[in-house]
Amino acid sequence: MSDAPLVRMRRVPSAAPVTALLVWDWRESYFVLLVFVVPGALLVHVPALVPAVFIALIMAGLAARIRSIARWWTVLRSGEVADVQGAASTSVGASTRRISHATGWRVHRGWFTGDITDNLVTYTVGGEQRSVEIRGLPYTSGVVLAHPLLPKAQCVSDLPFDLRQADDHRWTASVPEKFWPGACATAVLYGLLVAGAMISTRHWWFSA
């Protein structure tokens, strides 16, 4: 008989992937801006490239979001709350960036200016001791989700939604504070990219 740990499957709340698809990512919008501002002269002189650029941005953005969902999907499906043993923090320098920091299940998201730290958090799951790196503020007591059969663990601060564990051990997910303005901005950004792809493709097709 195999000694492998029994995998208990849990349902992933529908709010989780929806939130992940709509969450605002300022790095994504900054990249879109760079693509159209920096090589703008090239796009003006070679208009046939414009539809391809719009389509490439849409595909790259969706691929990045789906890849992000895949990272924590399997942990939510078959993981459990790990027993955190301790953490060692190392400063990586000061900067200004948006940080998600967890205290227990509660996650605070916002801009932070100061020293950023790499936290090597040691935890136990299924009788095995492992570690996971978490960058941001010094680790306090953020919940870590893991499974001994999976190589990657996730702290709840890595999730774009608020997660809780109900009394029956099922996951419940909710929308974070100040989520909807960013979600609307994300929808507008992708709407503009889709419209740009359709208009530029139509213009190129009829002018060819």
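For the structure, see preceding data.
Enquirer: Teacher, can you tell me more about the overall build of the protein here?
Expert: Regarding its fold elements, the protein presents 5 helices and 8 strands. Expressed as lengths along the three principal axes of its C-alpha atoms, the size of the protein is roughly 65 × 45 × 30 Å. When burial is assessed residue by residue, the protein has 36% of its 208 residues classed as buried. Of the roughly 12,700 Å² of accessible surface on the protein, 63% is carried by carbon and sulfur atoms. The average position of the 19 basic charges and that of the 14 acidic charges among the side chains of the protein differ by 8 Å.

Enquirer: What is the right way to read the environment of Gln 154 from this model?
Expert: Summarising the element assignment, Gln 154 is placed in strand E6 (residues 154–155). Considering only alpha carbons, one finds Gln 154 and Trp 72, 82 residues apart in sequence, at a separation of 6.7 Å. Those residues in contact with Gln 154 that lie beyond four places of it in its chain are Arg 71, Trp 72, Val 75, Val 143, Val 144, Leu 145 and Leu 159.

Enquirer: Before we go on, may I ask you to explain empty space enclosed by the protein in this structure?
Expert: Take a probe with the size of a water molecule and roll it over the atoms, and the empty space left behind shows itself. Under the definition given, this model contains 1 cavity of 30 Å³ or more. Approximately 70 Å³ is the volume attributed to the largest cavity. Along the walls of the largest cavity sit Ser 100, His 101, Ala 102, Asn 119, Ile 134, Arg 135, Gly 136, Leu 137, Tyr 139, Cys 155 and Ser 157, which together make up its complete lining. Residue composition of the lining of the largest cavity, by class: 5 nonpolar, 5 polar and 1 charged.

Enquirer: I keep staring at the nonpolar core and nothing clicks. Help me out?
Expert: Generally speaking, nonpolar side chains in soluble globular proteins are found buried as a group. Counting residues in hydrophobic clusters, the biggest one holds 28 residues, and the most contacted among them are Trp 72, Leu 76, Tyr 123, Val 144 and Leu 163. Ignoring anything within four residues of it in the chain, the contact list for Trp 72 reads Val 12, Ala 16, Pro 17, Ala 20, Gln 154, Leu 159, Pro 160 and Phe 161. Formed by 10 residues, the second largest nonpolar core is a distinct cluster that contains Val 35, Val 50, Phe 54 and Leu 189.

Enquirer: Just to check I follow, could you spell out the pattern of salt bridges for this structure?
Expert: Note that side chains of opposite charge can pair when their charged atoms are close. On inspection of all chains with the given rule, the structure shows 6 salt bridges. The salt bridge involving Asp 118 is made with Arg 135; its shortest N-O contact spans 2.7 Å. One end of the pair, Asp 118, is in strand E3 (residues 106–125); the other, Arg 135, is in strand E4 (residues 128–136), with 17 residues separating them in the sequence. On the basis of relative accessible area, Arg 135 is assigned to the partly exposed category, the value being 48%. Here Arg 170 and Asp 168 are joined by a salt bridge, their closest N and O atoms 3.7 Å apart. Under the relative-accessibility criterion, Arg 170 is labelled exposed at 58%.

Criteria and cut-off values
- Every chain is numbered on its own, with residues counted from 1 as its sequence reads.
- Residues qualify for local features only when their pLDDT is at least 70, as the model is predicted, and side-chain atom pairs are given and counted only at 80 or more; totals for whole chains, interfaces and linings, by contrast, use all residues.
- Computation of side-chain values covers all heavy atoms of the structure but excludes hydrogens and water.
- Working definition: helices are DSSP H or I runs of at least four residues, strands are E runs of at least two. Numbering for both runs from the N terminus.
- The cut-offs for exposure are 20% and 50% of the maximum accessible area for each residue type, with area from a 1.4 Å probe on protein chains only; residues under the lower value are buried, those over the upper are exposed, and the others partly exposed.
- Only the protein chains shown count as cover for residues, and all accessible areas are computed by the Shrake-Rupley method using a 1.4 Å probe.
- Residues scored as charged are limited to Lys and Arg (positive) and Asp and Glu (negative), so that His and the chain ends carry no count.
- All charge positions are set by atom: Lys at NZ, Arg at CZ, Asp at CG, Glu at CD.
- The contact definition used throughout considers only heavy atoms, calling two residues in contact when any of these lie within 4.5 Å.
- A cavity, in this analysis, means grid points on a 1 Å lattice covering only the protein atoms where a 1.4 Å probe fits yet has no way out; a pocket is instead an open set bounded by protein on both sides within 12 Å along at least five of seven lines, and a residue lines either one if it has an atom within 4 Å of a point.
- Grid points are joined across faces, edges and corners, and a volume is the space filled by probe spheres set on the points.
- Under the convention adopted here, Pro, Cys and the residues Ala, Val, Leu, Ile, Met, Phe, Trp and Tyr are nonpolar, Asp, Glu, Lys and Arg are charged, and Gly plus all remaining residues are polar.
- By convention a nonpolar core is built from buried Ala, Val, Leu, Ile, Met, Phe, Trp, Tyr and Cys residues, the set being connected through side-chain atoms within 4.5 Å.
- Salt bridges, as used here, are contacts in which a Lys or Arg side-chain nitrogen is within 4 Å of a carboxyl oxygen on Asp or Glu.

Any link to function would need more than the numbers given here.
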